[in-house]
Amino acid sequence: MTAIHVEGLTKEFDGFVAVDDISFDIADGEIFGLLGPNGAGKTTTISMLATLLEPTAGMALVNGVDITDDQDGVRKSIGIVFQDQSLDEELTAWENMDFHGRLYRIPREVREERISTLLRLVELEDRKDSLVKTFSGGMRRRLEIARGLLHEPKVLFLDEPTLGLDPQTRNHLWHYIKSLNTEKGVTIILTTHYMDEADRLCDRIAIIDHGTIIAMDTPDRLKDRIGGDVVTIVSPDAAAIPAIMTAEWIIKTELHDGQVTIHLRDAETHIVELIGLFGTHALEISSVSIRKPTLEDVFLYYTGKTIREEEAGTMARMRMMHRAGRR
């Protein structure tokens, strides 16, 4: 069964294309990640699927319901956790949950039973009567996830759920997200720019950049697709290295940010030969490292930039557009 079907989905803002003709399907019970830098179009995509934004073009079905023709039908079957907190800080954890349940007209007895169960699931049962303003960032995220599940949605949208949290709290939330999926069978669509988060959590990933999906598959297949091992070389002569990387066992060579990344087959076998090339051409090498490909390498492979470099470029473009708009 297909939980979400997206076809040619596009969103423009005053001539700026935020999401550009994307298409994909998400299966029931899948954890699907939208991975990319800030400003790549992840939140805009989620907002359209959750009926918070009208698409400029294209169509999408959520649980078989059209996001344009029947917005109420879509909203009844989804939950969403936003980037920005939407809890009422002057209410307790229980009161926030109860208010949400009343909005969805969940009968009192059912509502109270679900609130207790969900607060226990996210380990906040002992803080149910505490005001949210006394909660840490991680506790608030967990409460928001619990609230998003109160009406038992078939699909849960998590928009950067661990943004700004410390590594320990992020690990804690990963555990909850996985348990929600396995124990309750909830289909989860997760947006993130944390590569390790997507690798650990997601069954499949769509890498999005400049509003376009540039690659989509399981994390392992995406890493396998770029092939072999990864050798990273730091050198004052970095600019001269790509030209001598012509051996048949070298898949691809990339120069960026003062270092060279080489994708090659069987690095352990060829590393001596590789080092010998630098000596033959009198190139100075500061350091050499060997590792297996990561999703960061996948992003670099398809875009020519790291996700951090892409974020910096996106922020610069957004500042220019903001300044232009003020003139």
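Treat the numbers as computed from the prediction; the structure is a model and nothing was measured.

A. Spotlight on the overall build of the protein. Helix and strand content of the protein: eleven helices and 14 strands. Expressed along its principal axes, the backbone C-alpha trace of the protein runs to roughly 80 × 45 × 45 Å. Carbon and sulfur atoms make up 49% of the accessible area of the protein, which amounts to about 15600 Å² in all. Side chains of the protein give 37 positive and 54 negative charges; the mean places of these two sets differ by 5 Å.

B. Structural detail: unusual backbone geometry. The backbone of Asp257 shows a phi angle near 55 degrees, a positive value even though the residue is not glycine. Within the element layout of this structure, Asp257 appears in the loop between strand E12 (250-256) and strand E13 (259-264). Positive phi, close to 55 degrees, is recorded for Ala282, a residue that is not glycine. Residue position: Ala282 is located in the loop between helix H9 (267-280) and strand E14 (287-291). On the accessibility criterion, Ala282 (66% relative accessible area) is exposed.

C. Looking closely at the sheet that holds strand E4 (residues 57-62). Taken in spatial order, the four strands of this open sheet run E2-E1-E4-E5, and their pairing is antiparallel. The outermost strands of the open sheet, each flanked by one partner alone, are strand E2 (16-27) and strand E5 (65-66). Relative to E5, E4 is paired through two bridges, and the arrangement is antiparallel. Bridging from a neighbouring strand, Leu61 pairs with Asp66 of E5.

D. Geometry of the pattern of salt bridges. A complete count under the given rule lists 20 salt bridges for this structure. A salt bridge links Arg221 to Asp217, with the shortest nitrogen-to-oxygen separation between them at 3.6 Å. The class for Arg221 is exposed, based on a relative accessible area of 53%. The exposure class assigned to Asp217 is buried, which follows from its relative accessible area of 17%. Bridged by salt links that share partners, the residues Asp98, Arg102 and Arg111 form one connected network.

E. The sheet that holds strand E9 (residues 204-209), seen in detail. Strand order in this open sheet of six strands is E6-E7-E8-E3-E9-E10, and the pairing throughout is mixed. Each end of this open sheet is capped by a strand with a single partner; those strands are strand E6 (78-81) and strand E10 (212-217). Taken pair by pair, the neighbouring strands of this sheet meet at an average axis angle of 15 degrees, ignoring direction. Against the sheet, helix H10 (residues 295-303) engages strand E3 (31-35), E9 and E10, with an angle of about 40 degrees to E9.

What counts and what doesn't
- Residues numbered from 1 in each chain as written.
- Predicted model: local features only at pLDDT ≥ 70, side-chain atom pairs only at ≥ 80, totals over all residues.
- Heavy atoms only, no water.
- Helix = DSSP H or I, 4+ residues; strand = E, 2+ residues; numbered from the N terminus.
- Areas by Shrake-Rupley, 256 points an atom, 1.4 Å probe, with all protein chains shown as cover.
- Lys, Arg positive; Asp, Glu negative; His and termini not counted.
- Charge placed at Lys NZ, Arg CZ, Asp CG, Glu CD.
- Buried < 20%, exposed > 50% of the residue type's maximum accessible area, 1.4 Å probe, protein only.
- Pairing = 2+ DSSP bridges.
- Salt bridge = Lys/Arg side-chain N within 4 Å of Asp/Glu carboxyl O.
- Axes fitted to C-alpha atoms, helices over the stretch in contact; angles between N-to-C directions.
- Contact = heavy atoms within 4.5 Å.

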